[in-house]
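Residue-level structure breakdown
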Amino acid sequence: MAPFLDDPSDMSVETRYELFSVLLHSGGAFGGHYQAFVKDVAARNQWARFNDSQVTPLVEAEWESGFGDDGIAKADDSPKPLTAKGGASAYMLMYRRMGSWDECSVDDAVIPADVMAHVQGENEAFLKEKEAQQLRRDTLLLRLVYGDVNKQIAVHKQTTLAEATQLLHTMFHDFSPGFTCTLDCVRVRGPGGEAYTGRESCTLAELGLRSGTALTLETRLPCEEFPTVVGETNKFSVHVKVFVLQDNGEFADPPMEIDVAADLCMPALKQQLASLCKIAVALI
């Protein structure tokens, strides 16, 4: 900017400026969406995209998303797309004077106490909301059917089927005094009637359960056995050969063989192999 100063001979004033923020808008005059590209002045060449509550590193290819359309009118007078490049137009560029501003640290002592308290309060609220959002993403809202009872339950997606069964068993004991089944006389059936036999250590996410899934609680008398689910054991089965390494460094011959469900999760598969080979799960 030196050529434009009233007194260009005063070289004590830094005259170089650098772009450090780009404000973008997508949409029209009556509505749209705003976001910003902001440079991390401490990291120098690192830029970030601020899009509502989401802040992500900005890669070079994303710069074109702020170029807007090409301004070429359509021959048929049809509406132009919102943008020909990527969805937004830069409408304000912000520059900062270089030099002494390169050091952007501010001593907390110079910040008014009420401002610090306000910022800390906002940061704490943001972290709590972030944790709440993550919990909502990780929570499944399932429907549980037992006789004429139809209840909605909230459970974490990383809960194992065994843990979920115990949770449901406890829940029914709490609100239904007539429910006297012991835990070993209860199992959960999936939306297609599957009993998830052998997959009790799988998480609900690994079993493919999603919010809105309806589960059935099945019970039996202590003297009875649960009915076999027709086709479940042979449905999508996989034949596995197990090579056991012996103490002498050689593999046992012949290898052990086992048929397992194709959708068996890894913890359940390891448990079956450990039982077959009579070794600890940790060694698999």
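My aim in this report is to walk through the structure given alongside it, one point at a time. Counting restarts for each chain, with residues numbered from 1 along the sequence as it is written. Selection of residues for local features in this predicted model requires a pLDDT of at least 70, selection of side-chain atom pairs for listing and counting requires 80 or more, and totals for whole chains, interfaces and linings are taken over all residues. The basis for every side-chain value is the complete set of non-hydrogen atoms in the structure, without hydrogens or water.

Considering the pattern of salt bridges
Think of a salt bridge as a Lys or Arg side-chain nitrogen and an Asp or Glu carboxyl oxygen that are within 4 Å of each other. Throughout the structure, instances matching the rule amount to six salt bridges. Across the salt bridge formed by Glu218 and Arg187, the nearest N and O atoms sit 2.6 Å from each other. One end of the pair, Glu218, is in strand S9 (residues 214–219); the other, Arg187, is in strand S8 (residues 186–189), with 31 residues separating them in the sequence. The two residues Glu218 and Arg187 agree in class, both being buried. Close ionic contact of Glu218 with Arg189 constitutes a salt bridge, the shortest N to O distance being 2.9 Å. Taken together, the residues Glu218 in strand S9 and Arg189 in strand S8 connect sequence positions 29 residues apart. The two residues Glu218 and Arg189 agree in class, both being buried. Taken together, the shared-partner salt bridges in this structure form one network comprising Glu18, Lys39 and Arg96. The helix and strand labels rest on DSSP assignments: H or I over at least four residues marks a helix, E over at least two residues marks a strand, and numbering proceeds from the N terminus. Remark: exposure states derive from per-residue accessible area (1.4 Å probe, protein chains only) relative to the maximum for the residue type, with buried under 20%, exposed over 50%, and partly exposed in between.

What to know about the packing of aromatic side chains
Aromatic rings from Phe, Tyr and Trp, taking only the six-membered ring of Trp, are treated as a pair when their centres fall within 6.5 Å; an angle between ring planes under 30 degrees marks them as stacked, one over 60 as edge-to-face, and anything in between as tilted. Summed over all chains, the structure comprises two aromatic pairs. Both rings, one in Tyr34 and one in Tyr91, keep their centres 5.8 Å apart while their planes meet at 70 degrees; by these two values the pair is edge-to-face. Of the two residues, Tyr34 is situated in strand S2 (residues 31–40) and Tyr91 in strand S5 (residues 89–97); the sequence distance between them amounts to 57 residues. Relative accessible area serves as the criterion here: at 46%, Tyr91 is assigned to the partly exposed category. Against the face of Phe226 rests Arg220, its NZ or CZ located 5.2 Å from the ring centre. Think of it as a cone above the ring: NZ of Lys or CZ of Arg counts as a charge over the ring if it is within 6 Å of the ring centre and within 35 degrees of the ring normal.

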